[in-house]
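Below are the chains, spelled out letter by letter.
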Amino acid sequence: QVQLVESGGGLVQAGGSLRLSCAASGQTSTTMAWFRQAPGKERQFVAGITWNGRLRRHADSVKGRFTISRDDAKNTVYLQMNSLKPEDTANYYCAAGKVVIGTDPKEYDFWGQGTQVTVSS
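Computed from a predicted model, the values in this text were never measured in an experiment.

### Observations regarding the overall build of the chain
Helix and strand counts for the chain come out as zero helices and 11 strands. Scanning the chain from its N terminus toward the C terminus, one meets helices and strands in the order β-β-β-β-β-β-β-β-β-β-β. Expected size for 121 residues packed as a compact globule is a radius of gyration near 14 Å; at 13 Å, the chain falls within 12% of this value. Counting only C-alpha atoms and orienting by the principal axes, one finds that the chain spans roughly 40 × 30 × 25 Å. Per-residue burial for the chain yields a buried fraction of 46% across its 121 residues. For the chain, the exposed area adds up to about 6200 Å²; of that, 46% sits on carbon and sulfur atoms.

Here is the structure:
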């Protein structure tokens with residue numbers, strides 16, 4: 001079992017930055033990922049990182065702007081979001097699974113409750 005708790009969301013102007021955190025407890029030697037979901041849209045892969053941090057993957061829509069990282073000493077995964085755009089507005093979810101950075105939400109076994117990110121123009 002893995003328990004995930006996200007934090008760090010909020011309201012920011014376009015061009016601004018936010019850092020999301022995902023605190024994990026339980027069996028944490030898993031791939032961790034961030035997804036996002038806007039109203040009326042499907043849940044979308046944002047970024048993922050393997051259990052040892054050696055592999056990272058970012059969606060094309062966020063490459064160069066967002067960076068995923070993990071601190072195993074703190075059992076925490078981060079998503080640093082820079083140059084935010086209004087289209088980044090969504091509820092952001094942390095996920096954990098055995099998959100090697102899959103992009104399909106169905107490949108992940110555990111989910112947090114989400115944290116809202118709103119980017120104003």
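### Examining the packing of aromatic side chains
Tallying each qualifying case throughout the model produces five aromatic pairs. Chaining the aromatic ring pairs together yields one cluster made of Phe35, Phe45, Tyr93, Tyr108 and Trp111. One cation-aromatic arrangement involves Arg43 over Tyr93; the distance from NZ or CZ to the ring centre is 3.7 Å. The residue whose ring lies beneath Arg43 is Trp111, and the NZ or CZ to ring-centre distance is 4.8 Å.

### Describing the pattern of salt bridges
Taken as a whole and assessed by the stated rule, the structure comprises four salt bridges. For Lys63, the salt bridge identified is with Asp60, shortest N-O distance 3.2 Å. Relative accessible area serves as the criterion here: at 51%, Lys63 is assigned to the exposed category. A salt bridge links Arg65 to Asp88; its shortest N-O distance comes to 2.7 Å. Pair noted here: Arg65 is in the loop between β6 (56–58) and β7 (66–71) and Asp88 is in the loop between β8 (76–81) and β9 (90–97), with a separation of 23 residues, a long-range link. Accessibility classification places Arg65 together with Asp88 in one group, the buried group. Taken together, the salt bridges that share partners define one network made up of Arg36, Arg65 and Asp88.

### Observations regarding the sheet that holds strand β3 (residues 18–26)
What the four strands build is an open sheet, ordered β1-β3-β8-β7; its pairing is antiparallel. Taken across any chain shown, the strands that pair with only one partner, and hence form the sheet edges, are β1 (2–7) and β7. Across the sheet, the mean angle from the axis of one strand to that of its neighbour is 15°, orientation sign disregarded.

### With respect to the side chain of His58
For His58, the location among the structural elements is in strand β6. Within the structure, the side chain of His58 is placed 3.0 Å from the backbone nitrogen of Ile68, a separation counted as a polar contact.

### Considerations on unusual backbone geometry
At Asn75, a residue that is not glycine, the phi angle is positive and equals roughly 50°. Note on placement: Asn75 falls in the loop between β7 and β8. Owing to a relative accessible area of 32%, Asn75 belongs among the partly exposed residues under this scheme.

Analysis parameters
Residues numbered from 1 in each chain as written. Predicted model: local features only at pLDDT ≥ 70, side-chain atom pairs only at ≥ 80, totals over all residues. Heavy atoms only, no water. Helix = DSSP H or I, 4+ residues; strand = E, 2+ residues; numbered from the N terminus. Rg over C-alpha atoms; globule rule 2.2 N^0.38 Å. Buried < 20%, exposed > 50% of the residue type's maximum accessible area, 1.4 Å probe, protein only. Areas by Shrake-Rupley, 256 points an atom, 1.4 Å probe, with all protein chains shown as cover. Phe/Tyr/Trp six-rings, centres within 6.5 Å; stacked < 30°, edge-to-face > 60°. Lys NZ or Arg CZ within 6 Å of the ring centre and 35° of its normal. Salt bridge = Lys/Arg side-chain N within 4 Å of Asp/Glu carboxyl O. Pairing = 2+ DSSP bridges. Axes fitted to C-alpha atoms, helices over the stretch in contact; angles between N-to-C directions. Polar contact = N/O pair within 3.5 Å; in protein donor to acceptor, adjacent residues only side chain to side chain.

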